[in-house]
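Reading the structure
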Amino acid sequence: MLKKGSKLNSILTGSCPKCQKESMYEDKNPLHLSKVLKMNDNCSHCGFKYQIEPSFFYGAMYVSYGLNVAVGIAAFIVSFVFFGATIEQAFIAIILTLVVLFPFVLRLSRNLYINMFVSYDPKAGEN
């Protein structure tokens, strides 16, 4: 399922979309909130520049919005339908879920966005 060369591998691991041999992020742990957005400039293996154009990752905000809507709807369904929460309790569940999952959604949206434009190249980084 997560074999090298698949988009899913790069999206879920945060690895370079071109060679998939190193993380795009300076700190792999998204729970280190002060470093959640800090990315390497280039891949040290294949040399791919992550900032494809100036302000490239502003587009990831749209992906993040969609992911947060999906997470909010899922939190509502789980709390309201399955646990029988009131509307107020379901609203609190949505807010808590979005706050807790914020760093993961942020990274996932960047990973999804860059993988929309860059494909895996098995020969990347070979001399």
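See the structure printed just above.
These notes cover the structure that comes with them. (Residues numbered from 1 in each chain as written. Predicted model: local features only at pLDDT ≥ 70, side-chain atom pairs only at ≥ 80, totals over all residues. Heavy atoms only, no water.)

**What to know about the packing of aromatic side chains**
What counts, and what does not: Pairing of aromatic rings covers Phe, Tyr and the six-membered ring of Trp, with a centre-to-centre limit of 6.5 Å; geometry is then stacked below 30 degrees between planes, edge-to-face above 60, and tilted otherwise. Helix and strand assignments come from DSSP, with helices taken as H or I runs of at least 4 residues and strands as E runs of at least 2, each series counted from the N terminus. Under the scheme applied here, a residue whose accessible area is under 20% of the maximum for its type counts as buried, over 50% as exposed, and between as partly exposed, the area being computed with a 1.4 Å probe on protein chains only. Over a ring means this: the NZ of a Lys or the CZ of an Arg is within 6 Å of the ring centre and within 35 degrees of the ring normal.
Overall, the coordinates contain 6 aromatic pairs when judged by the stated rule. For the ring pair Phe-56 and Tyr-113, a centre distance of 5.0 Å and an interplane angle of 45° mean the geometry is tilted. Of this pair, Phe-56 sits in the loop between α1 (7-13) and α2 (60-82) while Tyr-113 is found in helix α3 (residues 87-117), placing the two residues 57 residues apart along the sequence. Given the relative accessible area of 6%, Phe-56 is considered buried. Taking 5.6 Å as the distance between ring centres and 70° as the angle between the ring planes, the aromatic pair formed by Phe-56 and Phe-117 counts as edge-to-face. Highlighted residues: Phe-56 in the loop between α1 and α2 and Phe-117 in helix α3, separated in sequence by 61 residues. According to the relative accessible area criterion, Phe-117 is exposed, its value standing at 51%. Among the aromatic residues, ring-to-ring pairing joins Phe-56, Phe-57, Tyr-113 and Phe-117 into one connected group. Directly above the aromatic system of Phe-57 lies the positively charged group of Arg-110, at a separation of 4.8 Å from the ring centroid.

**Comments concerning unusual backbone geometry**
Here Gln-20, not a glycine, exhibits a phi torsion of approximately 60°, which is positive. Tracing the backbone shows Gln-20 in the loop between α1 and α2. Positive phi is not limited to glycine here, since Ser-55 has a value of about 60°. Topologically, Ser-55 is positioned in the loop between α1 and α2.

**Digging into α3**
Filter applied, for reference: The quantity called bend is, for any residue, the angle between two axes fitted respectively to the seven residues ending at it and the seven beginning at it. By the convention used here, residues are in contact when the closest approach between their heavy atoms is within 4.5 Å.
If you look at α3, its biggest bend is around 60°, right at Phe-102, and the proline Pro-103 turns up within four residues after that. For α3, the full list of buried residues reads Ala-90, Ile-94, Pro-103, Val-105, Leu-106, Arg-107, Ser-109, Arg-110, Asn-111, Tyr-113, Ile-114 and Asn-115. Buried residues in α3 make contact with α1 and α2.

**Regarding a nonpolar patch on the surface**
Rules: Within the patch definition used here, like charges are joined within 9 Å and nonpolar side chains (Val, Leu, Ile, Met, Phe, Trp, Tyr) within 5 Å, considering only residues with over 30% relative accessible area and no salt bridge. Each accessible area value is a Shrake-Rupley result obtained with a 1.4 Å probe; residue values ignore everything except the protein chains displayed when judging cover. Each reported salt bridge corresponds to a side-chain nitrogen of Lys or Arg within 4 Å of a carboxyl oxygen of Asp or Glu.
Taken together, Tyr-65, Val-69, Ile-73, Ile-77, Val-78, Phe-80, Val-81, Phe-82, Phe-83 and Ile-87 make up a surface patch of nonpolar side chains, about 1000 Å² in accessible area. Here Phe-83 is to be found in the loop between α2 and α3. On the accessibility criterion, Phe-83 (67% relative accessible area) is exposed.

**Describing α2**
For the record, the criterion: Expected span of a helix: the number of residues minus one, times 1.5 Å.
Compared with an ideal rise of 1.5 Å per residue, which puts 23 residues at 33 Å, α2 spans 32 Å between its outermost C-alpha atoms and is within 8% of the ideal. Every buried residue belonging to α2 is among Ala-60, Val-63, Ser-64, Val-71, Gly-72, Ala-75 and Ser-79, and all of these are buried. On its buried side, α2 packs onto α3. Gly-84 lies just past α2 and shows a positive phi near 70°.

**Focus: the environment of Leu-8**
Among the structural elements, Leu-8 can be located in helix α1. A residue is classified by how much of its surface remains accessible, and Leu-8, at 35% relative accessible area, is partly exposed. Considered as a pair, Leu-8 and Cys-46 are 38 residues apart in the sequence and their alpha carbons are 19 Å apart.

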